Protein chains: 2
Amino acid sequence: MKRTEKSPLRDTLARNMRLMRAERGWSQEHLAAEAGLNRTYLSAVERSEQNISLDNIWKIARAFGVPASRLIDSP
Amino acid sequence: MKRTEKSPLRDTLARNMRLMRAERGWSQEHLAAEAGLNRTYLSAVERSEQNISLDNIWKIARAFGVPASRLIDSP
């Protein structure tokens, strides 16, 4: 992988976030508020444009009430 | 979690990396070469000092040949 290339994990995380939001009926705004993150940032993560950090993955997992590993589990 | 506070996921990842290296008899230098990452950076990740990004988690998982979710699975 070149330094500038996006990893396929971004798409896995993005899909899982959308699914978990849908299961809960949460908007991006609601998730952002629950996780203490910026909505624009979260939107970029869900478009696989943002190379999210581990600490922010943890905030999202905590907001959803799931183990962080589930967020990057492949289907 | 305050913006400056480290998430507990850093310790989980660090422990899993050390375990997976030990299972394979790999030094930090060897893992760094396999993953295409800097050894000093990997050392900081294993001391929970570095807030690693998702793309670099992917590089480490690929080097070990494991699903990335295993790297942040709790025991």
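Everything numeric in this text was worked out from a predicted model, so none of it was measured.

(A) Main features of the relation of the copies chain B and chain A. Superposing chain B onto chain A takes a rotation of 180 degrees plus a shift of 0.0 Å along the axis, which leaves an RMSD of 0.0 Å. Within this description, the copies of the chain are treated as partners about a two-fold rotation axis. Both copies share a contact surface, since 100% of the interface residues of chain B are interface residues in chain A too.

(B) A look at the nonpolar core. Within the largest apolar cluster, 38 residues are counted, with the highest numbers of intra-cluster contacts made by Ile57, Ile60 and Leu71 of chain A together with Leu13, Ile57, Ile60 and Leu71 of chain B. Non-local contacts of Leu13 of chain B, meaning those with residues more than four positions away in its chain, are made with Leu54 of chain A together with Val45, Ile52, Leu71 and Ile72 of chain B.

(C) Structural context of the environment of Leu31 of chain A. Residues and elements named next belong to chain A. Position of Leu31 relative to the elements: it lies in helix H2 (residues 28-35). Residue classification places Leu31 among the buried positions, given that 21 C-beta atoms sit within 10 Å. In this structure the C-alpha to C-alpha distance between Leu31 and Ala63, which are 32 residues apart in sequence, comes to 7.1 Å. Contacts of Leu31, omitting those with residues within four sequence positions, involve Arg21, Trp26, Leu42 and Ala63.

(D) Local environment of the environment of Ser43 of chain A. Take Ser43 of chain A: it is sitting in helix H3 (residues 39-46). For Ser43 of chain A, a count of 14 C-beta atoms within 10 Å puts it in the partly exposed group.

(E) Quick look at the interface of chain B and chain A. Counting from both sides, the interface comprises 20 residues of chain B and, opposite them, 20 residues of chain A. Every element with two or more residues in the side of chain B that touches chain A is listed here: helix H1 (9-24), helix H4 (54-64) and helix H5 (68-71) of chain B. For the side of chain B that touches chain A, the leading source of residues is H4 of chain B, giving five residues. Looking at the side of chain B that touches chain A residue by residue, the classes come out as ten nonpolar, five polar and five charged.

Cut-offs applied
- Residues numbered from 1 in each chain as written.
- Chains lettered and ligands numbered in written order.
- Predicted model: local features only at pLDDT ≥ 70, side-chain atom pairs only at ≥ 80, totals over all residues.
- Least-squares fit on C-alpha atoms with pLDDT ≥ 70 in both.
- Contact = placed C-beta atoms within 7 Å.
- Core = buried A, V, L, I, M, F, W, Y, C linked by C-beta atoms within 7 Å.
- Buried ≥ 20, exposed ≤ 12 C-beta atoms within 10 Å, placed from the backbone.
- Helix = DSSP H or I, 4+ residues; strand = E, 2+ residues; numbered from the N terminus.
- Nonpolar A, V, L, I, M, F, W, Y, C, P; charged D, E, K, R; others polar.

Treat this as a map of the structure, not an account of what it does.
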